[in-house]
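# Inside the fold
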Amino acid sequence: MNLIDALEILKRPTSDAARDLNVFLACGFTPLHLQTFLAAELRVLLPGYRVEIRTGIFGDLIGNLERLDASGVNSLVVVVEWGDLDPRLAIRSLGGWRPANLPDIGESVSQTAYRLQRVLVQVSQLVPTVVCMPTLPLPPMFSTRPAQAGSSEMQIRYTSVSLTASLSRQPGIRIANAQLLDEISPLGGRLDVKSEVMTGFPYSLHHASALGGILASLAHIRSPKKGLITDLDDTLWAGILGEDGVDGISWHLERHTHMHGLYQQFVASLAGAGILIGVASKNHPAIVEQAFDRSDLHVSRNDIFPFEVHWSRKSESVAHILNTWNVGADSVVFIDDSPMEVAEVKAAFPELECVAFPKADYQGVWDLLKSLRDTFGKPFLTEDDLLRLHSIRDASAWRDVVQSHAESSDDFLKAAEATIVFDCSRQSGDVRAFELVNKTNQFNLNGKRFGESEWLSFFNDPAAFLLTASYEDKYGPLGKIAVIMGKVRGLKLYVNAWVMSCRAFSRRIEYQCLKQLFETLGPDEIVFEYEATPRNGPFRDFFAELLGAPPAPGACLSRDLFAMKAPPLFHQVKGTVNV
Amino acid sequence: MSEEEGRLIRCFASVFPGLTSEEIRTTSAESVGAWDSLAAVTLAAVIQQEFKIDIDPLDLPELDSFEAFRTYLRRRRSLGE
């Protein structure tokens, strides 16, 4: 983005309905064009927001953070440069570069890094924080030739990297990835010496633009896609199974088909991170079974569910898989080596991201993997990510069982030996709860989404509560699958958000959740901030049955009505209450 | 209006969004309240990037109006830069 483009983006009027997004940009240099690029990139990413960026005092990064009043700040962006760790590492300071100064500079960097870590850990508990560690080259102050990395220089870099590693483990902090920045803004073109000396702004416009883009993408949480549907022949492996046979397909260096092995390895890593993997292949099921028996395959059949292997149209396979996963097409990527199949599926599901696998194109496969990492990447992995595939498989089996034994579902539910673990607290740090509330569509009270800062401030109210439910039965664990949040006002409970994963349907968990609310928090009545959305039909149906009437905003459920309407519940319930 | 003048007007408009093209042609640091040091640095940066030139900081104090920038660009062009 050029500076003129950024300025023109910022000139565009925002709608009256736009929400405020208040960002604090903390840096020790003059923010100047970085502020402009960051604001413009955020405007592009978040067209429904009015972006306001505040900055602090020149030359006092840590002071700016220590003085920060986090109330009203939706996002904190911290850009650290070498001069913030010790002014002698910046151009504008003339504090001395003698070899004798270097040990003291190293010590000073270490002490400042410690202070920075302390203040960032504190402030990141109050406001979502993005941190960018030094991006500029160190000055030519070391006694070695530029080609040689001396011990003083390495010590300074080590301190910076150690700080970065430590901060990356904090749940409220996202670190700008130096590797991506290296790709789009080469080190040699980042520093603008004239600008630094004349104005105190050290970045070239190109670097400021690249950095602004990365920082904006981290300040704005984007929901990753949930599933990948892949073809097999000439995609997951090289060769046509029906023609080449089980032993004829390959993904090996010596057969020049190694990139398919890399793709397998990548698919397995996605599965391990909780991304749903399905197969849509025109093949004989039996021969595909045999192929997955090969011990040198880098992805296991356990990583994949479901397999749609037959000779029908690929769009039919995709429809079955989406139905099994119970996710929308807009949350899924489809990959197939045949442009015709890609076009057929795209025509049937325009919102599905469809990609032609670039077979025999080494760089193309590499670029595809990088692009998929961007599509599926998430800030943190939770325990539930690791359970997702198992629980989807389990939920599918459940649906089959319940549908085929509808008349005796009580017996099935009883025999499932289910346990629900409730946790009721006022803690805002539950990453899985935040994720569930922001991505669940069907069993959702009102479709309300929370920004990170909104989420944090909700729980600052002493009346707030967060109830989460984790489920397990004899078929396996589903993990944390339900979240209710609201506020207690006397004998009334106001529920602002209630979501439950579609994997947990048909188990009466929703009734147990209500029972838990009545028993734990003791209200006479629960008031629901209900709102119909295009996708929350399952919630509406449940609610209508419970209330005996179509639900409306502000719908109430009394203790007596619940006792009358609740079906028999067979779960073993465990719980912790910290409100 | 020449293509160069149009691009220069666009640069000014991005930094001083309240001005019309006509107003920009006669604008100067004295006539526009928003033309402070920050705006001057931003304007110079936008023009440098747009016209792919490097403005000597010593020239900046003289570049205090639309006309001054236009003359400056013409001179640079005549020098083959």
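Residues numbered from 1 in each chain as written. Chains lettered and ligands numbered in written order. Predicted model: local features only at pLDDT ≥ 70, side-chain atom pairs only at ≥ 80, totals over all residues.

## Looking at the overall build of chain A
- Across its full length, chain A holds 22 helices and 18 strands.
- A compact globule built from 579 residues should have a C-alpha radius of gyration of about 25 Å, and chain A, at 27 Å, falls within 12% of that.
- Summarising its shape, the C-alpha atoms of chain A cover approximately 85 × 70 × 45 Å along the three principal directions.
- Per-residue burial for chain A yields a buried fraction of 38% across its 579 residues.
- A fraction of 74% describes how many contacts in chain A between residues 6 or more apart in sequence connect residues 24 or more apart. (Helix = DSSP H or I, 4+ residues; strand = E, 2+ residues; numbered from the N terminus. Rg over C-alpha atoms; globule rule 2.2 N^0.38 Å. Buried ≥ 20, exposed ≤ 12 C-beta atoms within 10 Å, placed from the backbone. Contact = placed C-beta atoms within 7 Å.)

## Some remarks on the sheet that holds strand S4 (residues 129-132) of chain A
Residue and element names in this part refer to chain A.
- Strand order in the open sheet formed by 5 strands is S2-S1-S3-S4-S5, and the pairing between neighbours is parallel. Across the chains shown, the open sheet's two edge strands, defined by having one partner strand only, are strand S2 (49-55) and strand S5 (173-175). Each adjacent strand pair in this sheet contributes to an overall mean axis angle of 20 degrees, direction not counted.
- Direction of pairing for strand S1 (residues 19-27) relative to S2: parallel, over a ladder of 7 bridges. The residue bridging Leu 21 from the neighbouring strand is Val 51, located in S2. (Pairing = 2+ DSSP bridges. Axes fitted to C-alpha atoms, helices over the stretch in contact; angles between N-to-C directions.)

## Focus: the interface of chain A and chain B
- Facing the 12 residues of chain A at the interface are 11 residues of chain B.
- The set of elements that each furnish at least two residues to the side of chain A that touches chain B consists of helix H1 (3-11), helix H2 (32-45) and helix H8 (193-199) of chain A.
- Of all the elements, H1 of chain A adds the most residues to the side of chain A that touches chain B, at 5 residues.
- In the side of chain A that touches chain B, the residues fall into 6 nonpolar, 3 polar and 3 charged. (Nonpolar A, V, L, I, M, F, W, Y, C, P; charged D, E, K, R; others polar.)

## Considerations on the sheet that holds strand S9 (residues 332-336) of chain A
Residues and elements named next belong to chain A.
- Strand order in this open sheet of 5 strands is S8-S7-S6-S9-S10, and the pairing throughout is parallel. Sheet topology places strand S8 (307-310) and strand S10 (353-356) at the edges, where each strand pairs with a single neighbour. Adjacent strand axes in the sheet meet at a mean angle of 15 degrees when their direction is disregarded.
- One ladder, built from 4 bridges, connects S9 with S10; its direction is parallel. Counterpart to Asp 336 in the pairing with S10 is Ala 356.
- Together, S9 and S10 form the strand contacts of helix H14 (residues 339-348), whose direction differs from that of S10 by roughly 175 degrees.

## Details of the environment of Leu 60 of chain B
Residues and elements named next belong to chain B.
- Within the secondary structure layout, Leu 60 lies in the loop between helix H3 (37-51) and helix H4 (66-78).
- Residue class for Leu 60 comes out partly exposed when judged on the 14 C-beta atoms lying within 10 Å of it.
- Once residues lying within four places of it in the same chain are set aside, the contact partners of Leu 60 are Ala 40, Ala 44 and Ile 55.

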